[in-house]
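Notes for the structure review
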Amino acid sequence: MKVIGNLTKDAIIRAAVSQGSSATEAIGSEAVFESATTSLICAAYDSNENKTVIVYKDQGNSSHGTAIVATVSGTSISYGSPVVFEAATTQHTSVAFDSNSNKIVVAYTDGGNSNYGTAIVGTVSGTSISFGSPVVYNAGTTAYNYVLFDSSNNKIVICYQDTSNSQHGTAIVGTVSGTSISFGSEVVFESAETAYISAAFDSNSNKVVIAYQDVGNSSHGTAIVGTVSGTSISFGSATVFESAGVSLVQAGFDSTNNKIVIGYYDGGNSYYGTAIVGTVSGTGISFGTAVVFQSSQSNVYSIVHDSNAQKTVIFFRDQANSQLGTVVAGTVSGTSISFDTKFVVNNASTSGHTQNAVFDSTAKKIVIAYKDNGNSSYGEAVVYQTGFSVATGGTIADGKPVIVNANGTVSSVGNETVSTSIPTTSSPVDFDAESANYMASKFHPTNKNIFVVAYMDGGNSNYGTAVVGTISGNSITFSSATVFESASVYNISISFDASNPSNFVIAYADQGNSTRGTAIVGTISGTSLSFGSAATFTTGTAADSIDVDFLVSNKFVVAYQDGGNSNYGTAKIGTVSGTSLSFGSASVFESAATFGVKVKKDPNATDIFVVAYLDNGNSNYGTSIVGTASGTSISYGSAVVFKSASANNYGLAFDPNTANKLVISFESSSTFKAVIGTRSGTSLSFGSEATIKSNGINYSSVSYDPNTANQFVIAYRDKGNSNYGTATVCTVSSSTITVGTSYVYSAYLTNYNSIIINTDGKLAVSFNNQAGGSGVGSTILGQLAGEVPNITSENFVGFMDGAALDGTNGEILSSCSIARNQTSLTPGQTYFVTPAGALSTTAGSPSVTAGTAISSTELIVKG
């Protein structure tokens, strides 16, 4: 019996309700806010206007201090016009939002006024910002300015290095009035040289926490707690959080767990990116154990808490990965923090500054601003979303089936919206540590979290090998490798029998047997694989360009280039009996040499399939044909040209949600294109071509989203971008393709890409990963936009006993209780919960038993 919350003696669960949650993680496209060299970038979120303000030094305009207003829409960002707030060189800039006065406050070093510490108040209106007059808060040289807002006292606090006072760490309290700000007296918090000053406001203890490099104490990482009173601030004793030299210190407040999180690079540990959790008590702070989030030198630029995802996000420059701008989300638990997979937000060297990542609480996204060294050092920003969002409002009705969420609350069974992001859920996971080639992969027909990858194992004499991948949340694990052919293989293809999901067929060219076309039955049991005996389908002759797809139970079609018959395009019907195979007669679909053969069964028809290929007998035109299987015989319609020019690198996929629609992707004249086909009987027609990439590609693979109609994704090696592994999301309206955003999933040369998508909208791309130069076999997870069922085989807990509002406590009729709030049941009948949240006598996917009906309105909940 599953127990969530408090269980009463009548098997009623008392649990918190969270209706309308959504799993989201997304990175939008980069958007330039300044087309000139920028530096010292910082940002703040104006919760009054729902805008992000980006502040920077505009080196294209005499290094003047400049600000611009950004608006987030989805994962896109747009800008107003830049506004100069200081017509002189600015340094050490920092910005905060005063939610009491609804004003932006910028603190900076004014190069036009003896490098004095200066502040200015900005007012956002729509997409613009205006400023009052600058006010000096330190009539001496200042550095490392950091400004924050104390919401308990409605005061601005600025921390800085006072270089006119022996570089002591100093703080001052400011009060905003209208478009101006006034200050109390300066207070020294560290009577020694300080550097890399950062600060955060702990709204639980109503304290200011300053983190810094204490140069007077061997540059150790140090923190101190400040208490604001009126226009002054007092401090407790300093606490060392890292007994080694630190640099690039950043601090943030985790409002979910009421903890301070400090990030830094640790000079005592190879300059690794490191984080530590602090707990404020009175005027002191204590720390847990430091955790490395990046095992290489890492310049920490910003720490921001995503209260929606309940994660703390660190933005940093990864020195070990070409200095790319990178984010990592961490989850605080007690006095420690654990980290998710890191994601690159800018595929070029990045520079940043303090506070350049901020949380937009309205859009529930993080805005990251930075200097893009790969784009003429322009100022750019990107929208990032991470984690699992909390409730978005709603009511769970009486009698509705419910699931338990990861945070212990419950939600009604149904769909949840996820946002497009490729990839967002994992770093590449290796399934073979040496050269792996000719990848082919397929998801299990009924278990959406299991897939099989078949490949040529270069580390084991090029043997044909397969592994089972298992998805758990946002992670992948792989089984041990199983050899299916103890000889060199290539041109591998794989297909599952949907009617007998424990069986699949792998087709390949067996170089240990004169490159004959060969197939073998595989059986999956849990995460274990076993294979029957191999059978040849080109006895005595070679085969190339092999592809396979199941038609009906125990029947599949294999299409190939028949080397024993002038390389004609040929297909055969295969029959599975146990773990043995037999084949019908060869059936030629093109009496000329063919290359790049792809075959796919129409999921909305019986025994009908389409073949796409290069027709060498017709100027290498891209060509397609419809085949119909009858027993082990095949008949064909007329061949149709979809590209009247030489074409190759084919991908072929049917839309499982729209009858008779398919997509063919191809490369022609070094341009990557796709076209939508419509099948009518044995005829095909095609819409207009859409350009996916205006440069060459290799190793492409295409897959439709089974969960969302009219959406497909293409994975490929992008010759125009350093041969990086890239995926492009496309949508279809009638026969027109709209090309969406392209995402780099591997910033290294990739080969043999194979993309598959499950019913959760999770995609898995398996590829030859040249990250280390050895071409290991890797798989990476991504997430597609769409409505995804939230029920799994394990999370169903019962039925609501009375309606419950979001955020309240509700009662749930759980295992072995009687749900007396149902309708139209048949006594004695077993009912299942469908992914849509209804009751049915037929099991859905996954199969979830609701219970057994004892009357038309009563059901014994599953035990």
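Keep in mind that what you see is a predicted model, and the values were worked out from it rather than measured.

Time to look at the overall build of the chain. Secondary structure summary: the chain contains 0 helices and 75 strands in total. By the compact-globule yardstick of 29 Å for 863 residues, the chain fits well, its C-alpha radius of gyration being 31 Å. The principal-axis extents of the C-alpha atoms in the chain amount to approximately 95 × 70 × 45 Å. The 863 residues of the chain split such that 57% are buried. Residue pairs at least 24 apart in sequence account for 51% of intrachain contacts in the chain once pairs closer than 6 positions are excluded.

Topologically, Asn 138 is positioned in strand β13 (residues 135-150). C-alpha of Asn 138 to C-alpha of Ser 185: the two residues are 47 residues apart in sequence and 9.6 Å apart in space. Excluding its chain neighbours within four sequence positions, the residues that come into contact with Asn 138 are Tyr 116, Gly 117, Tyr 160, Asp 162, Ser 164 and Glu 186.

As a further point, take the state of the cysteines. Scanning the entire structure with this criterion turns up 0 disulfides. You can see Cys 159 has no disulfide; the closest cysteine sulfur is in Cys 42, sitting 14 Å from it. Given a relative accessible area of 0%, Cys 159 falls into the buried group.

Moving on to the packing of aromatic side chains. Applying the stated criterion to the full structure yields 40 aromatic pairs. A ring pair is formed by Tyr 265 and Tyr 271, whose centres lie 5.1 Å apart and whose planes are at 90°; its orientation type is edge-to-face. For Tyr 265, a relative accessible area of 15% puts it in the buried group. The partly exposed category is assigned to Tyr 271, whose relative accessible area is 39%. For the pair Phe 451 and Phe 478, a centre-to-centre distance of 5.8 Å together with 90° between the ring planes defines the contact as edge-to-face. Taken as a pair, Phe 451 in strand β39 (residues 450-457) and Phe 478 in strand β41 (residues 475-478) lie far apart in primary sequence, 27 residues in all. Owing to a relative accessible area of 0%, Phe 451 belongs among the buried residues under this scheme. Members of the aromatic cluster, joined through ring pairs, are Phe 431, Phe 443, Phe 451, Tyr 455 and Phe 478.

In this model, His 92 sits at a positive phi of 50°, which is unusual for a non-glycine residue. Secondary-structure assignment places His 92 in strand β9 (residues 83-98). Even without being a glycine, Ser 218 presents a positive backbone phi close to 60°. Turning to its location among the elements, Ser 218 is positioned in the loop between β18 (207-214) and β19 (220-229).

This model, assessed by the stated rule, comprises 6 salt bridges. Residue Glu 689 pairs with Lys 643 through a salt bridge whose shortest N-O separation is 3.0 Å. A residue pair is termed long-range when its members are at least 10 positions apart, and Glu 689 in the loop between β59 (683-686) and β60 (690-693) and Lys 643 in strand β55 (residues 640-646) qualify at 46 residues. Owing to a relative accessible area of 34%, Glu 689 belongs among the partly exposed residues under this scheme. Within this structure, Lys 643, Lys 673 and Glu 689 form a network of salt bridges that share partners.

Okay, the environment of Pro 656 next. Residue position: Pro 656 is located in the loop between β56 (648-654) and β57 (661-668). What makes Pro 656 partly exposed here is its relative accessible area of 33%. Considering only alpha carbons, one finds Pro 656 and Ser 856, 200 residues apart in sequence, at a separation of 36 Å. Ignoring sequence-local partners within four residues, the contact set of Pro 656 consists of Pro 603, Asn 604, Tyr 704, Asp 705 and Pro 706.

On the secondary structure map, Lys 572 appears in strand β49 (residues 568-577). Although Lys 572 is buried, it forms no salt bridge, and the closest oppositely charged side chain is Asp 562 at an N-O distance of 7.1 Å. In this structure the side chain of Lys 572 is engaged in a polar contact, spanning 2.5 Å, whose partner is the backbone oxygen of Phe 537. Beyond its immediate stretch of four places on either side in the chain, Lys 572 contacts Phe 537, Phe 556, Val 557, Val 558, Tyr 560, Phe 583, Gly 584, Ser 585, Ala 586 and Ile 634.

Looking now at the environment of Cys 730. Here Cys 730 shows up in strand β63 (residues 724-733). Considered as a pair, Cys 730 and Asn 710 are 20 residues apart in the sequence and their alpha carbons are 8.3 Å apart. Once residues lying within four places of it in the same chain are set aside, the contact partners of Cys 730 are Ile 692, Asn 710, Gln 711, Phe 712, Ile 737, Thr 738, Val 739 and Gly 740.

This part covers the pairing of strand β26 (residues 311-318). Put simply, side chains in a regular strand alternate between the two faces of the sheet. Of all 8 residues in β26, 8 are buried, a share of seventy percent or more. Across the two faces of β26 the burial is the same, with Lys 311, Val 313, Phe 315 and Arg 317 and Thr 312, Ile 314, Phe 316 and Asp 318 all buried. In this sheet, β26 lies alongside strand β25 (residues 291-306) in antiparallel orientation, the contact comprising 8 bridges. For Ile 303, the partnering residue across the bridge sits in β26 and is Ile 314. The pairing of β26 with strand β27 (residues 324-333) spans 7 bridges and is classified as antiparallel. Each bridged residue has a counterpart across the sheet, and for Asp 318 the counterpart in β27 is Leu 324.

The rules we used
Residues numbered from 1 in each chain as written. Predicted model: local features only at pLDDT ≥ 70, side-chain atom pairs only at ≥ 80, totals over all residues. Heavy atoms only, no water. Helix = DSSP H or I, 4+ residues; strand = E, 2+ residues; numbered from the N terminus. Rg over C-alpha atoms; globule rule 2.2 N^0.38 Å. Buried < 20%, exposed > 50% of the residue type's maximum accessible area, 1.4 Å probe, protein only. Contact = heavy atoms within 4.5 Å. Disulfide = S-S within 2.5 Å. Phe/Tyr/Trp six-rings, centres within 6.5 Å; stacked < 30°, edge-to-face > 60°. Salt bridge = Lys/Arg side-chain N within 4 Å of Asp/Glu carboxyl O. Lys, Arg positive; Asp, Glu negative; His and termini not counted. Polar contact = N/O pair within 3.5 Å; in protein donor to acceptor, adjacent residues only side chain to side chain. Pairing = 2+ DSSP bridges.

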